[in-house]
Amino acid sequence: MSDKHTLTMDKPVEKSLLDSGAQGLVGEALDRVEGPKKVSGKATYSAEYPIENIAYGFLVRAPFAVGRITEIDMDAAKAAPGVVDVVTDFDRFIRNSAQGAVKEAPVQGVRDVVYFGEPVAIVVAERYEQARDAASLVRIVYDEGKGSFDFEAGISHADIPPDGAAPATFEQGNIDKAMATAGVTIDGDWTTPSQNSAAMEPHASIAMWDDDGLTLYGAYQMPSFDRPSLADALGLKPEKVRIIAPYIGGGFGGKLGIAPESVAAAIASKTTGRPVKAVMTRQQVFDATVRRSNTKQRIRLAADRNGRLTGIGHESHTSNLPDEVFFEPAGIATHFLYGGENRKITHDIVRLNRMLAGSMRAPGEAVGLLALECAMDELAEKLGMDPVELRKVNDCEQDPEKDIPYSTRSFTECLDEGAKRFGWEKRNTTPGKLREGEWLIGHGMASAARGNMLQPSEARVVLNPDGSAVVETDMTDIGTGTYTILSQIAGELLGLPIDRVEVRLGDNAFPPGSGSGGSFGAGSSGSSVYLACESIREKLAKAMGVSPDDLTLKDGEAIAANRHVALRDIIDGAIEATGRIEPGEQGEKVKQAGHGAHFCAVRVNAVTGEVRIDRWTAVFAAGRILNLKTATSQCYGGIVFGIGAALTEELVHDPHNGKIVNRDLAEYHLPVHADVPHLDVTFLPERDTHANPLHAKGIGELGIAGAGAAVANAIANATGARVRDYPITLDKLLGSLPPV
Amino acid sequence: MHFTINGTKYDADPDIRTSLLDLLREHLGLTGSKKGCDHGQCGACTVLVNGRRINSCLTLAVMHQDDEITTIEGIGTPDNLAPLQSAFVRHDGFQCGYCTPGQICSATGMLDEAKKGWPSHVSESLDGDIALSDEEIRERMSGNLCRCSAYPNIVDAIREIAGEDA
Ligand code: FES
Ligand code: FES
């Protein structure tokens, strides 16, 4: 029998067992435990399961943006070689992908089309090539309707959504008055384009049915949510659906909720009686999954002559489909990053017939800080102040909006350490004036901040008398390092070498985990493993006749009261325990966030406007670092996302129909090897007792927060040109470069 | 049709339109090679054909019946990793792992190209020996996208192995 050991974070956990573990695993820079499989092609991703009698599904999509389908003529497709069937379901096919952490079905029904490329049917054939070819033979007859495609025009009648990750609107004091009376002000609009998560693995599902219901191998980040969501879409009880996702080729938000291929594959499999594999093409991923919304952000800063902020305004317009409540919470970090009594932070949605907007890595901070942190840089310039100093002057003792303390805040320390490591005192201080040959050199910095979250998460741990352990949860590892950190936590707390711990993830057959999203995965799922291990330790202590505090576990032995005893001599059979963490009042009583600072050096070609990044230093503080190696990699990933946002990434929508014009990896420009220099990433030691029993905070998104702004500020420093419209491509710089 | 992959002979009956990548993944169960774009834009599908790296999504299987094809499965196994594979693990040259087989096959081909003295866009001269600086490695690996952005660590892993070979 398994006990469930539950902890609700209603008060801080002052003492973490991780600090008294004897195995020496947590915090180390250990290699990923699943690494050998990944580097040898033996990690199995969702499209890769060998299944008997499988048929291939290929999605058919609407060749128009808005309207109603009157007929789908399938005759030619059905007659094509190898075609098993052409399947649609006007009621149950999903129109929009699901948002993250949602247990209900997303918007269903595809007779009505609301964005270009909406999936409306699926061709099933013996072979992939046959399905792909036949899909081009399906003829869709429709009455075209009128859509909205113009973002600027929609701003005048934008709507105020319900609160989301951030409040939709917030006001404190009077920003207009603060602006009118301030010594120095900044007031400007920044724009950021739609973006795509562009995980290297496209969305893919293999669906198969048996008497127990549906099994779906799917590339999904949050199986404990995606299961009920998919079940709801299909009219099933959640127990009748099992999602299996042990390896996921990247997510970055794009795979939080179920996407169209899952329901289409499930229905097609039911209809044809065959297992169906539906892999989205890269173009389909761009057209018909989820994007980060474009934004227009007005930033107002009011400051006194010493740089102390008296007011911050951050008013954002973002876009989404008519049925959707999600908004890109661009002002989310503005709520807590800097002081200033007068504040206004709003988010309005412009309703557009563009593919669903949802969460992409650091929804909110990722684009919000592209605006706020550049405005801060402009303010520093106006004041004639060191941009680092300006940030430090506006560091706060407590949350500037609520009367609550920060759980931890090493913000100033990050700024100081980063400045030191980068050599900030030697920076170029005259914009446009430092030149080497045809290159203009610039230095820039920006702050990083990302709120920390906790989600309910459960894990089962089994300790065997032979000194091995198994951890099971339907939590995922999307490249974040979950396999490794859960192995480390279990090994540390149970006193086992890391290779004696097996972690099984991404299967609804295991206890429901938090899933990967919002940087809460490590803290939430790690805590569930911690709690299960704590309960096992109590049982071992009891068997030894000592108190748990007096028990040391190391290398498969229990050490207490001067005795060393092998586990097999204490327990006859396996001990099993389930741990469950729940968010509690600590989420409200303190403000929890990770902080940091980015510093970078760029070169801008004085003739062409080409931007190269030469050097990068970032310093972060985010509670305990569980694995120095995987944590550093997470920050690299975030920083490079920031580089992409600053310089190249932009989904271009056709103004006539919202269609994404550059819907592949040749036209949507991700950073490549040649765009990324060595990155110097440092973590400051911190423990957050309010966050969870691990004392760790999320880091998967902290790295992107502010990163792009550091690039933009460095470009401004190099050239003297302030481009407020991202990405900063050469064409936008060319006109404002100093004379050659 | 007959194919030689990682030294093993395979018989298969792919469609005439089947790419080399889909032959591997869908017909032969060699799913180590990944599909990220199917259009030659990401490098996830990189394999070695007669020792040279190519995007296997951009070529038809039917064209490769007389070729020696090496995929990630032929480079090393979890219990017997090639030095480059171990270096990727040590340097954390991957996160999700999806681009990784392509990166490793590409780097294997790239190291050979450099050894043969093939210049790149950033090489100082068109002939003579190539010293694999970080800039050279980055340039030569830029056809392999990694959205997780393990780039700095991939360069570290490749540099270590390039140094050993030199
Ligand atoms: S799958 Fe071949 S290059 Fe992307
Ligand atoms: S490791 Fe995920 S794309 Fe490279």
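Remember, predicted model here, so these are calculated numbers, not experimental data.

### Considerations on the interface of chain B and chain A
With 56 residues of chain B in contact, the opposing surface of chain A contributes 61 residues. Between chain B and chain A, the buried area comes to about 4500 Å², and carbon and sulfur atoms account for 56% of it. Seen at the junction of chain B and chain A, the total is seven salt bridges. One salt bridge connects Arg127(A) with Asp13(B), and the closest N-O pair in it is separated by 3.4 Å. Run the count over chain B and chain A and you get 29 residue pairs in polar contact (both at pLDDT 80 or more).

### So, helix α12 (residues 411–422) of chain A
Residue and element names in this part refer to chain A. Taking 1.5 Å per residue as the helical rise, α12 with its twelve residues ought to reach 16 Å, and the 16 Å between its terminal C-alpha atoms agrees with that figure. Residues Phe411, Thr412, Cys414, Leu415, Gly418, Ala419 and Phe422 constitute the buried set of α12. In a view along the axis of α12, the buried residues occupy a sector of 160 degrees, so they form one face of it. Following α12 by one or two positions, glycine 423 has its phi on the positive side, about 80 degrees.

### Some points on the environment of Ala77(A)
All names here are of chain A. As for its position among the elements, alanine 77 is in helix α2 (residues 75–79). Accessibility expressed as a relative area gives 0% for alanine 77, which makes it buried. As a C-alpha pair, alanine 77 and glutamine 592 span 515 residues in sequence and 55 Å in three-dimensional space. Leaving out residues up to four positions away in the same chain, alanine 77 has contacts with Val83, Val86, Ala134, Leu137 and Val138.

### With respect to the packing of aromatic side chains
What the rule picks out here adds up to 13 aromatic pairs over all chains. With a centroid separation of 5.4 Å and an interplanar angle of 70 degrees, the aromatic rings of Trp424(A) and Phe599(A) are classed as edge-to-face. In this pair, Trp424(A) is assigned in the loop between α12 and β17 (435–436) and Phe599(A) in strand β26 (residues 593–605), connecting sequence segments 175 residues apart. Of the two residues, Trp424(A) and Phe599(A), both sit in the buried class. Positioned over the ring face of Trp439(A) is Arg603(A), at 4.6 Å from the centre of the ring. A cation sits over an aromatic face here: Arg147(B) above Phe641(A), 3.7 Å from the ring centre.

### Concerning the pairing of strand β14 (residues 295–303) of chain A
Residue and element names in this part refer to chain A. Judged by how many residues are buried, β14 sits mostly within the fold: eight of nine residues are covered. The pairing of strand β9 (residues 184–192) with β14 spans nine bridges and is classified as antiparallel. Residue pairing in the sheet places valine 184 in a bridge with alanine 303 of β14. Pairing geometry for β14 and strand β15 (residues 309–320), over nine bridges, is antiparallel. Residue pairing across strands places arginine 300 opposite glycine 313, the latter belonging to β15.

### Observations concerning the sheet that holds strand β24 (residues 563–566) of chain A
Residue and element names in this part refer to chain A. With antiparallel pairing, the three strands of this open sheet are ordered in space as β22-β23-β24. If you trace the sheet from one side to the other, it starts and ends with β22 (552–554) and β24, each paired once. The sheet shows a mean angle of 25 degrees between the axes of neighbouring strands, taken without regard to direction. Two strands pair when backbone bridges link them, and β22 and strand β23 (residues 557–560) are joined in this way by three bridges, in the antiparallel orientation.

### Some remarks on the nonpolar core
If you look at the biggest cluster of nonpolar residues, it comprises 256 residues, and the most contacted ones within it are Leu301(A), Leu540(A), Trp616(A) and Ile158(B). Sorting elements by how many residues they give to this core places helix α10 (residues 365–383) of chain A first, with twelve residues. Apart from residues lying up to four places away in sequence, Leu540(A) is in contact with Leu463(A), Leu551(A), Leu553(A), Leu567(A), Ile570(A), Ile571(A) and Ile575(A). Counting twelve residues, the second largest nonpolar core, distinct from the first, contains Leu23(B), Leu28(B), Leu30(B) and Ile69(B).

### Details of the sheet that holds strand β25 (residues 575–583) of chain A
Residues and elements named next belong to chain A. On the basis of which strands lie adjacent, the open sheet formed by five strands has the order β1-β25-β19-β20-β21 and mixed pairing. Edge positions in the sheet fall to β1 (3–9) and β21 (501–504), since each has one partner strand and no second. Ignoring strand direction, the axes of neighbouring strands in this sheet form an average angle of 20 degrees. Pairing of β1 with β25, which is carried by seven bridges, proceeds in the parallel orientation. By the bridge assignment, aspartate 3 is partnered in β25 with alanine 577. Sheet strands touched by helix α13 (residues 482–494): β19 (457–463), β20 (469–472) and β21. Its angle to β21, the strand with the most contacts, is close to 140 degrees. Packing of helix α14 (residues 521–544) onto the sheet brings it into contact with β1, β19, β20 and β25, and relative to β25 it is tilted by some 140 degrees.

### Thoughts on the domain arrangement of chain B
Residues and elements named next belong to chain B. Parsing chain B into structural domains produces domain 1 (2–74) and domain 2 (83–165). Contact with domain 1, which involves 17 residues of that partner, is made by 18 residues of domain 2. Overall, the association of domain 1 and domain 2 removes approximately 1300 Å² of surface from exposure, summing both partners, and the carbon and sulfur fraction of that is 56%. Contact with domain 2 buries surface across domain 1, with Lys34, Arg53 and Ile72 losing the most and accounting together for 45% of the total. A salt bridge links arginine 53 to glutamate 113; the shortest N-O distance between them is 2.9 Å. For the pair domain 1 and domain 2, the number of links is seven residue pairs in polar contact (both at pLDDT 80 or more). Of all the secondary structure elements, the ones that give two or more residues to the side of domain 1 that touches domain 2 are β3 (46–49) and β4 (52–55). Residue contributions to the side of domain 1 that touches domain 2 peak at three residues, all from β3.

What counts and how
Residues numbered from 1 in each chain as written. Chains lettered and ligands numbered in written order. Predicted model: local features only at pLDDT ≥ 70, side-chain atom pairs only at ≥ 80, totals over all residues. Heavy atoms only, no water. Contact = heavy atoms within 4.5 Å. Buried area = accessible area lost by both parts, 1.4 Å probe. Salt bridge = Lys/Arg side-chain N within 4 Å of Asp/Glu carboxyl O. Polar contact = N/O pair within 3.5 Å; in protein donor to acceptor, adjacent residues only side chain to side chain. Helix = DSSP H or I, 4+ residues; strand = E, 2+ residues; numbered from the N terminus. Expected span 1.5 Å × (residues − 1). Buried < 20%, exposed > 50% of the residue type's maximum accessible area, 1.4 Å probe, protein only. Arc of directions from axis to C-beta. Phe/Tyr/Trp six-rings, centres within 6.5 Å; stacked < 30°, edge-to-face > 60°. Lys NZ or Arg CZ within 6 Å of the ring centre and 35° of its normal. Pairing = 2+ DSSP bridges. Axes fitted to C-alpha atoms, helices over the stretch in contact; angles between N-to-C directions. Core = buried A, V, L, I, M, F, W, Y, C linked by side-chain atoms within 4.5 Å. Domains from an automatic or database assignment.

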